[in-house]
Amino acid sequence: MFNPEHLVTLRAVVEEGTVLAAADRLRLTPSAVSQQLTRLQRQVGQPVMVRQGRGLVPTDAADVLVRLAERVVDLDERARAELESLREEVSGPLVVAAFATALRGLVSPAVTLLTDRHPHLQITLREHSPEESMPALLRGEVDLVVVHDWTDRQASPRTGLQAHLLGLDPVDLVTLRDEDLTTGPDGVDLDDLGGRVWIDDTPGVYSDWLLAALAQRALPHRIGATVDSTGARVTLVAQGFGICLLPRLGRDVLPEEVVATPLVEAPTRRIHAVHRDASTRRPAVEAAVEALSEVWRAREELPNSPAVAQA
């Protein structure tokens, strides 16, 4: 039989593109990775990686073995999940990754619930953007991720993954409390915000939506700052520099002089907890998803999606 460790190493080399990157991902030395590839190639009786220019390219044999590696990893995880379900208590390691505001406003209080209920659970947290989280989940580096997509840009679910929709995270308009605003029953209409200075995010959904909406309405405006940090944006608003958009999840308490107001037809992101299909029966994963859902339901400022409300 092929050595499962060698198969996983080959998969890492194929996905990362270099021995060095694969070694870093597997926390091995490049020499150890090369040795495992050599042993696997000897066992297969044909090349698995060939050099092309300065890089390595997988052969047809490697493609076959990578598919086998994926099945081996999946079977291993399913077996571990079955074994964990036989225990009387929820325990063992659990690695959770989330983007910054979810880590602060959702994952952190959920971890408090989990550690109180399951003291033998060993939780490790990592801050990752959704673009970083999903590959890490597929590679098996994390067990559960909290990610977002957008109501108008819904991401297609990946094969082999299971997503749990937690709810919706609307974006509000953040201004000085004494800002001259026209507020209707659904909040402030962007049409009434011409001639303002905006504190924008770096290119992304917020920025794309704001710039496109301003251009579509031909509203005069100026982008006075481009800032990633939500705290820095709030500080600039408090100093009277301009106005900005901020999501509700993980938002710190605003200064007394700053207020958040709903925006008509604001961009809204959907928040998901995602794990691998093979982890479905892991008690630790099930407990974590339930804790995240419980924390979300307790946050009155965060509306549930229709699917969540019917659950």
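Look a little higher up for the structure.
Keep in mind it's a predicted model, so treat the numbers as computed, not measured.

*Asks:* Requested: an account of the overall build of the protein, with residues and values cited.
*Replies:* Check the secondary structure of the protein and you find ten helices and 13 strands. With the principal axes as the frame, the protein shows a C-alpha extent of 75 × 55 × 30 Å. Counting over 311 residues, the protein shows a buried share of 43%. In the protein, the share of contacts with a sequence separation of at least 24, taken over all contacts with a separation of at least 6, comes to 75%. Accessible surface for the protein amounts to roughly 16200 Å². Of this, 51% is attributable to carbon and sulfur atoms.

*Asks:* An account of the packing of aromatic side chains is requested, with residue identities and associated values reported.
*Replies:* Enumeration according to the criterion identifies one aromatic pair in this entry. Plain terms: the ring middles of tryptophan 150 and tyrosine 206 are 5.2 Å apart, the flat faces sit at 85° to each other, and that makes the pair edge-to-face. Linking tryptophan 150 in strand E5 (residues 144–150) with tyrosine 206 in helix H7 (residues 205–216), this pair joins segments that are 56 residues apart in sequence. Grouping residues by exposure puts tryptophan 150 and tyrosine 206 together as buried.

*Asks:* Tell me about the pattern of salt bridges, and please be specific about residues and values.
*Replies:* For the coordinates displayed, the defined rule picks out 20 salt bridges. Arginine 276 is the partner of glutamate 77 in a salt bridge, and the nearest nitrogen-oxygen pair spans 2.8 Å. With glutamate 77 in helix H4 (residues 60–85) and arginine 276 in strand E13 (residues 268–276), this residue pair connects regions lying 199 residues apart in the sequence. Here glutamate 77 matches arginine 276 in class, with each residue buried. Note that glutamate 290 is salt-bridged to arginine 297, the shortest N-O span being 3.2 Å. Each member of the salt-bridge network shares a partner with another, and the members are Arg11, Glu15, Glu16, Arg25, Arg139 and Glu141.

*Asks:* If you had to explain the packing of helix H1 (residues 4–16) against helix H2 (residues 19–26) to someone new, which residues and values would you point to?
*Replies:* Direction vectors running N to C along H1 and H2 enclose 125°, while the axes themselves pass 8 Å from each other. By the angle between their axes, H1 is oblique relative to H2. By crossing handedness, the relation of H1 to H2 is classed as right-handed. Judged by residue contacts, Val8, Thr9, Ala12, Val13, Glu15 and Glu16 of H1 engage Ala21, Ala22, Arg25 and Leu26 from H2.

*Asks:* Tell me about the nonpolar core, and name the residues and values.
*Replies:* Leu106, Val107, Val146, Leu249, Ile271 and Leu292 are the most contacted members of the largest nonpolar core, which totals 29 residues. When residues in this core are grouped by element, the largest group, nine residues, is from helix H9 (residues 283–298). Listed in part, the 18 residues of the second largest apolar core include Trp150, Leu210, Ala213 and Leu219.

*Asks:* Provide a residue-level description of the side chain of threonine 101, including the pertinent values.
*Replies:* Within the secondary structure, threonine 101 is located in helix H5 (residues 100–117). Residues in contact with threonine 101, not counting those within four places in the same chain, are Leu106, Leu249, Gly250 and Arg269.

*Asks:* Give me the lowdown on the pairing of E5, citing residues and values where you can.
*Replies:* Most of E5 is tucked away, with six of its seven residues classed as buried. Here three bridges tie strand E3 (residues 92–98) to E5, and the two strands are oriented parallel to one another. Each bridged residue has a counterpart across the sheet, and for valine 96 the counterpart in E5 is leucine 144.

*Asks:* Tell me about H9, and name the residues and values.
*Replies:* Between its first and last C-alpha atoms H9 spans 23 Å; for 16 residues at 1.5 Å apiece the expected length is 22 Å, and the two agree. For H9, the complete set of buried residues consists of Pro283, Ala284, Val285, Ala287, Ala288, Val289, Ala291, Leu292, Ser293, Val295 and Trp296.

*Asks:* An account of the environment of valine 111 is requested, with residue identities and associated values reported.
*Replies:* Note that valine 111 resides in helix H5. What makes valine 111 buried here is its relative accessible area of 17%. Sequence spacing of valine 111 and glutamate 88 is 23 residues, and the spatial spacing of their C-alpha atoms is 20 Å. Setting aside chain neighbours within four positions, we find valine 111 in contact with Ile123 and Leu125.

About the cut-offs
Residues numbered from 1 in each chain as written. Predicted model: local features only at pLDDT ≥ 70, side-chain atom pairs only at ≥ 80, totals over all residues. Heavy atoms only, no water. Helix = DSSP H or I, 4+ residues; strand = E, 2+ residues; numbered from the N terminus. Buried < 20%, exposed > 50% of the residue type's maximum accessible area, 1.4 Å probe, protein only. Contact = heavy atoms within 4.5 Å. Areas by Shrake-Rupley, 256 points an atom, 1.4 Å probe, with all protein chains shown as cover. Phe/Tyr/Trp six-rings, centres within 6.5 Å; stacked < 30°, edge-to-face > 60°. Salt bridge = Lys/Arg side-chain N within 4 Å of Asp/Glu carboxyl O. Axes fitted to C-alpha atoms, helices over the stretch in contact; angles between N-to-C directions. Parallel < 35°, antiparallel > 145°, perpendicular 65-115°, else oblique. Left-handed = near helix turned anticlockwise from the far one by under 90°. Core = buried A, V, L, I, M, F, W, Y, C linked by side-chain atoms within 4.5 Å. Pairing = 2+ DSSP bridges. Expected span 1.5 Å × (residues − 1).

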